Protein chains: 2
Amino acid sequence: MPDTDARPSALRPTRQRRAITDALANAADFQSAQEIHDTLRRTGDKVGLATVYRTLQAMAESGDVDVRHNPAGEATYRRCSDSHHHHLVCRSCGRTVEITGSAVERWAHAVADEHGFSEVSHTVELVGLCAECARRQ
Amino acid sequence: MPDTDARPSALRPTRQRRAITDALANAADFQSAQEIHDTLRRTGDKVGLATVYRTLQAMAESGDVDVRHNPAGEATYRRCSDSHHHHLVCRSCGRTVEITGSAVERWAHAVADEHGFSEVSHTVELVGLCAECARRQ
DNA sequence: TTACGTGCAAACGGTTTGCATGGGT
DNA sequence: ACCCATGCAAACCGTTTGCACGTAA
């Protein structure tokens, strides 16, 4: 039987994919592909680096995970709907403070609605000068 | 003679540096180092790619410009205090809508103040599914 | 004249891709 | 059996770095 509608297709539940999903589930924060690969190796799951990249990319495309880039330019991933926070980073010393702000969350949804967008996730990053570095300069 | 701990600071006002500053001033949005390099070549300013990278890096470090990473992972730069906007991006087709929201600006400053941070700049990125792509899926 | 700034090209490192094999359906 | 998923390694590409020369101070 010819399958109706050739959707990009559902991903196959392979051992590797499950391992990656688990790693993401256990991660508290954004993880780079390489970090995830390292984690898997440590837990004994043998998964090729290319597979990690391809899988994360696919999951990102289908909206299963959020992507962002860390200051080093590496792509990092986090499973969606994670209760998440944002970061306030000192541009001088790199000191980081975690921020939670329901205000931004509401704003993000309002803006998305206004433009007909759905399933919105957001990334917010505040960069400034921490009190200590400001004093030193 | 033992050098008296030379400080790196105090950038010299060279032709190249001025060209890069000008390019940033004329740019309406975040530009990658390569885009800036292309712009300079087009306007006849001969500046080495490495110099563009080094200069932008120095300017970012000293807080003269803001850095962010585009979806492709490239570092992009924008001169500070630019009247700026944010982006609402469709994760499926890449369609982008420019957003201006004074609400976030206020929130960013409030949060920074609360933690003793100054000279804050912020990056906000909303990723979702645009109406058209949502319909198609 | 003395470093810093620059240009060039080679080196780097994260990510992607070609191809042959393995495994889900 | 069919074909997507995987692994490996080479290819890619943005960015960084070593070194010799140019140039502001």
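Residues numbered from 1 in each chain as written. Chains lettered and ligands numbered in written order. Predicted model: local features only at pLDDT ≥ 70, side-chain atom pairs only at ≥ 80, totals over all residues. Heavy atoms only, no water.

**Q** Describe the relation of the copies chain B and chain A, naming the residues involved and giving the relevant values.
**A** The transformation that overlays chain B on chain A combines an axial shift of 0.0 Å with a rotation of 180°, and the residual RMSD is 0.3 Å. Viewed as a symmetry operation, the transformation between the two copies matches a two-fold axis. For chain B, the smallest separation between a C-alpha atom and the rotation axis is recorded for B:Val124, amounting to 2.2 Å. Of the interface residues in chain B, 95% have counterparts in chain A that sit at the interface too, so the contact is made through matching surfaces. (Least-squares fit on C-alpha atoms with pLDDT ≥ 70 in both. Contact = heavy atoms within 4.5 Å.)

**Q** Let's hear about helix 1 (residues 15-26) of chain A: which residues, and what values?
**A** Residue and element names in this part refer to chain A. With 12 residues, helix 1 extends 17 Å from end C-alpha to end C-alpha; this agrees with the ideal 16 Å at 1.5 Å per step. Listed as buried for helix 1 are Ala-19, Ile-20, Ala-23 and Leu-24. All buried residues of helix 1 project into a common sector of 135° when viewed along the axis, lining one side. On its buried face, helix 1 is in contact with helix 2 (33-42), helix 3 (49-61), strand 2 (65-69) and strand 3 (75-79). (Helix = DSSP H or I, 4+ residues; strand = E, 2+ residues; numbered from the N terminus. Expected span 1.5 Å × (residues − 1). Buried < 20%, exposed > 50% of the residue type's maximum accessible area, 1.4 Å probe, protein only. Arc of directions from axis to C-beta.)

**Q** Tell me about the interface of chain B and chain A, and please be specific about residues and values.
**A** In this assembly, 41 residues from chain B lie in contact with 40 residues from chain A. Buried area between chain B and chain A, summed over both chains or domains, comes out near 3,100 Å², and the portion from carbon and sulfur atoms is 65%. Ranking the residues of chain B by area buried against chain A places B:Arg91, B:Trp107 and B:Phe117 at the top, with a combined share of 24%. Here chain B and chain A share 0 salt bridges between them. Our enumeration of links across chain B and chain A arrives at 6 residue pairs in polar contact (both at pLDDT 80 or more). (Buried area = accessible area lost by both parts, 1.4 Å probe. Salt bridge = Lys/Arg side-chain N within 4 Å of Asp/Glu carboxyl O. Polar contact = N/O pair within 3.5 Å; in protein donor to acceptor, adjacent residues only side chain to side chain.)

**Q** Describe the layout of surface pockets, and please don't skip the residues or the numbers.
**A** Here the largest pocket is characterised by a volume of approximately 1,400 Å³. Lining the largest pocket are 45 residues, with A:His69, A:Asn70, B:Arg68, B:His69 and B:Asn70 sitting closest to its centre. (1 Å grid on protein atoms, 1.4 Å probe; cavity = no way out; pocket = protein on both sides within 12 Å on 5 of 7 lines; lining within 4 Å. Points joined across faces, edges and corners; volume = space filled by probe spheres on them.)

**Q** Which residues make up the UniProt feature "binding site: Fe cation" (unreviewed entry) in chain A, and what are the values?
**A** Residues and elements named next belong to chain A. When the UniProt feature table is mapped onto this chain numbering, "binding site: Fe cation" (unreviewed entry) sits at His-84, Glu-105 and His-122. Restricting the annotated residues just mentioned to those that line the largest pocket leaves His-122. Relative to the helices and strands, His-122 resides in strand 6 (residues 118-129). (UniProt positions renumbered as here; feature names shortened; annotations may be inferred.)

**Q** Can you lay out the UniProt feature "binding site: Zn(2+)" (unreviewed entry) in chain A for me, pointing to particular residues and giving the numbers?
**A** The UniProt feature table records "binding site: Zn(2+)" (unreviewed entry) at A:Cys90, A:Cys93, A:Cys130 and A:Cys133. Despite a sequence span of 44 residues, these residues sit close together in the fold, their greatest C-alpha distance being 8.2 Å. Lining the largest pocket, from this annotated set, are A:Cys90. Looking at where A:Cys90 falls in the secondary structure, it is placed in strand 4 (residues 86-90). Once residues within four sequence positions are removed from consideration, A:Cys90 is found in contact with A:Arg95, A:Gly128, A:Leu129, A:Cys130, A:Cys133 and B:Phe117. Mapped onto the elements, A:Cys130 comes out in the loop between strand 6 and helix 5 (131-136). For A:Cys130, a relative accessible area of 1% puts it in the buried group.

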